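Analysis of the macromolecular model
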Amino acid sequence: MDEALVKQLKQKIAGELRQREMEFITYYLEELLKIEGKRHQELAALQNDLKQLINRVQNRLKTLKTTKIG
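Sequence order as written defines the numbering, with residues in each chain counted from 1. Only residues with pLDDT of at least 70 are given local features in this predicted model, and only at 80 or more are side-chain atom pairs given and counted; all residues enter the totals for whole chains, interfaces and linings. Excluding hydrogens and water, the side-chain figures rest on all heavy atoms present in the structure.

1. A few points about the overall build of the protein
The helix and strand inventory of the protein stands at two helices and zero strands. Along the first, second and third principal axes, the C-alpha set of the protein runs to 60 × 25 × 10 Å. Categorising residues by exposure relies on relative accessible area from a 1.4 Å probe, with only protein chains included: less than 20% of the type maximum marks a residue as buried, more than 50% marks it as exposed, and the intermediate range marks it as partly exposed. Per-residue burial over the protein gives 7% buried out of 70 residues. If you sum the accessible surface of the protein, you get close to 6,800 Å²; carbon and sulfur atoms cover 57% of it. Strands are runs of DSSP state E lasting at least 2 residues, helices are runs of H or I lasting at least 4, and numbering of each runs from the N terminus. Where accessible areas are quoted, they stem from the Shrake-Rupley method and a 1.4 Å probe; at the residue level, only the protein chains shown are allowed to cover.

2. A word on the environment of R56
In this structure, R56 sits in helix α2 (residues 43-66). For R56, a relative accessible area of 38% puts it in the partly exposed group. For the pair R56 and K38, spaced 18 residues apart in sequence, the C-alpha to C-alpha distance is 18 Å. By the convention used here, residues are in contact when the closest approach between their heavy atoms is within 4.5 Å. Residues contacting R56, with those up to four places away along its chain left out, are Y27 and E31.

Right, dumping it as structure tokens:
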């Protein structure tokens, strides 16, 4: 392959990965800000909301690990 093409493809992939990571971080930051914004009256309610978010992240990670590409 042409070196210029390889370099261009690497830049494109790096840009796409950066964009996806930004979207991921933005999404979970918004979720955490929602939890913070609830102004929980009790610690147990805050813990419950955090556990729900943790479970969602764990389930997504499990799905990504078991999904075959191609």
